Amino acid sequence: MRATVEKLSLSEISPKIMQSEIRSMTVECDRVGGVNLAQGVCDTEVPEPVVEAAIRAIHDGNNIYTRLDGITPLRQAISQKLERHNGMKADPDGEVLVASGATGALYAACLALLDPGDEVILFEPFYGYHLNTLMSVRAVPVAVPMAMHTWEIDLDALRAAITPRTKAILVNSPSNPCGKVFTLAELEAIAALAEEHDLFLFTDEIYEYFVYDGAKHISPATLPGMAERTITISGLSKTFSITGWRIGYLIADRRWLGSIAYFHDLTYVCSPSPFQYGAAAGLMELPDSFYTSMATEYQAKRDQMCSALTAAGLTPSVPPGAYYVLADVSSLPGATAKEKARNLLRDKKVAGVAGTAFFTGGRGENLLRFCFAKRDEDLKKACDLLRGKI
Ligand SMILES: Cc1ncc(COP(=O)(O)O)c(C=O)c1O
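Residues numbered from 1 in each chain as written. Predicted model: local features only at pLDDT ≥ 70, side-chain atom pairs only at ≥ 80, totals over all residues. Heavy atoms only, no water.

Peer 1: Break down the domain arrangement of the protein chain for me, with residues and values.
Peer 2: Split into domains, the protein chain comes out as domain 1 (14–46 + 289–387) and domain 2 (48–285). A C-alpha centroid distance of 24 Å is found between domain 1 and domain 2. Between domain 1 and domain 2, the contact holds 35 residues from the first and 40 residues from the second. A buried area of about 3,200 Å², summed over both sides, lies between domain 1 and domain 2, and 60% of it is on carbon and sulfur atoms. On the domain 1 side of the contact with domain 2, V46, Y291 and P320 bury the most area, a combined 22% of that side's loss. Where domain 1 meets domain 2, there are two salt bridges. One salt bridge in this structure joins D213 and R302, with 2.8 Å as the shortest N-O distance. Contributing elements (two or more residues each) for the side of domain 1 that touches domain 2: α10 (288–311), β10 (324–328) and β13 (367–371). (Domains from an automatic or database assignment. Contact = heavy atoms within 4.5 Å. Buried area = accessible area lost by both parts, 1.4 Å probe. Salt bridge = Lys/Arg side-chain N within 4 Å of Asp/Glu carboxyl O. Helix = DSSP H or I, 4+ residues; strand = E, 2+ residues; numbered from the N terminus.)

Written out as structure tokens, the structure is:
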């Protein structure tokens, strides 16, 4: 006899987790042969020491599971780079987890630290994976809007959003999609609230090296008293252009790290072994000038992108960090941001993402996000297309 209640169904949360608009723009862009500035994939060159060490690791037989928190040379290299570049201290034995990307790190942290119904505050515009990861673990994302175009945070709104159910605040600096680099004063204010209400601070610092015009990246864990409550997440996907390798990391007090590492083990077992060797070599061998030249190079890409957008009548909010730009596209035909994105692709063969992907409550309809992490020839083509030169 058949059960009366239908059990072959998706979980309650599944229909709420939207397939990202970025993917569908990518498919559409391929169909029309356009330049894809929708996806945040840096297809620039991978540094040579990173490639060589990964290949060597495969030949040397490093193709099996690693320790659940990652290989020792990589944990040590991360710890040293944190001290050198971030002014942060983390014991490679117990405070560093090598994760399957920043994505895997955040997912494991949410599983280990959040209960269903816990509220987590994030700033809007936000990165869609942050929202969906929180929802996946049945936590409740609470979006606090930043001021349109200047992306200043509203401390009163932040304070008002904190309830007895709030467990954490999530900060993404430099930010995807708006490129905001949180200032010391802003981070201090957020840290003070986190301390006052006894909250975790989750940070996503994946774009830490992509800072322009003298902006300075600050790791919130370095603020006084914040190390014990900050879950620092970053990775090498962007810095070494290895998004497909799945190398990220998480730094936390050892009280939290063991459990986070165990949840990471349950979902991913470990980050890919040979690629861990590649990342370790990159961190150990590349000089500091590698990071500063990368920022200079991306600042030039940003300027090129912003001036082409301006010429096309799409006013950019010039980002001080990361490698995306949100542009005001009120002048484009279409009633919604999705329509505007499709019309731009049809008319200029350039794909961007509808701003609504990064906001709740219908905001973002007049915005598109463009990614400028592209090889010079592709970026030039996109800019020429926007200017109507091709
Ligand atoms: C803010 C942010 N965090 C994390 C990621 C993904 O990082 P990973 O490849 O290390 O999972 C991205 C990629 O677009 C991102 O924009």
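Peer 1: Hey, could you go over the nonpolar core for me, with residue numbers and the actual values?
Peer 2: Counting 122 residues, the largest nonpolar core has F123, F202, I231, L250, I260, Y323 and F370 as the members making the most contacts within it. Ranked by residues supplied to this core, first place goes to α10 with eight residues. Looking at which domains feed residues into this core, each of domain 1 (14–46 + 289–387) and domain 2 (48–285) supplies at least three. (Core = buried A, V, L, I, M, F, W, Y, C linked by side-chain atoms within 4.5 Å. Buried < 20%, exposed > 50% of the residue type's maximum accessible area, 1.4 Å probe, protein only.)

Peer 1: Lay out the site of the ligand with the relevant residues and their values.
Peer 2: Within the structure, the ligand sits among 13 residues, and T103, D204, Y207, S237 and R246 are positioned closest to it. Here an oxygen atom of the ligand sits 2.8 Å away from a polar atom, N or O, in the side chain of N176. Residue S237 places a side-chain N or O atom 2.6 Å away from an oxygen atom belonging to the ligand. Alone, the ligand offers 400 Å² of accessible surface; in the complex the protein occludes 93% of this. Per element, the largest residue contribution to the shell around the ligand is three residues, and it comes from helix α4 (residues 101–113). In terms of residue class, the shell around the ligand is built from five nonpolar, five polar and three charged. (Near = heavy atom within 4 Å. Polar contact = N/O pair within 3.5 Å; in protein donor to acceptor, adjacent residues only side chain to side chain. Areas by Shrake-Rupley, 256 points an atom, 1.4 Å probe, with all protein chains shown as cover. Nonpolar A, V, L, I, M, F, W, Y, C, P; charged D, E, K, R; others polar.)

Peer 1: Now, about the sheet that holds β10: what can you tell me, with residues and values included?
Peer 2: The strand order across the open sheet built from four strands is β9-β10-β13-β12, with neighbouring strands paired in antiparallel fashion. If you trace the sheet from one side to the other, it starts and ends with β9 (315–317) and β12 (353–354), each paired once. Strand direction decides the pairing type here: β9 and β10, joined by three bridges, are antiparallel. Residue pairing across strands places T315 opposite D328, the latter belonging to β10. Against the sheet, α10 makes contact with β9, β10 and β13, and its axis sits at roughly 15 degrees relative to β10, the strand it touches most. The sheet strands contacting helix α11 (residues 337–348) are β12 and β13, and the helix crosses β13 at an angle near 50 degrees. (Pairing = 2+ DSSP bridges. Axes fitted to C-alpha atoms, helices over the stretch in contact; angles between N-to-C directions.)

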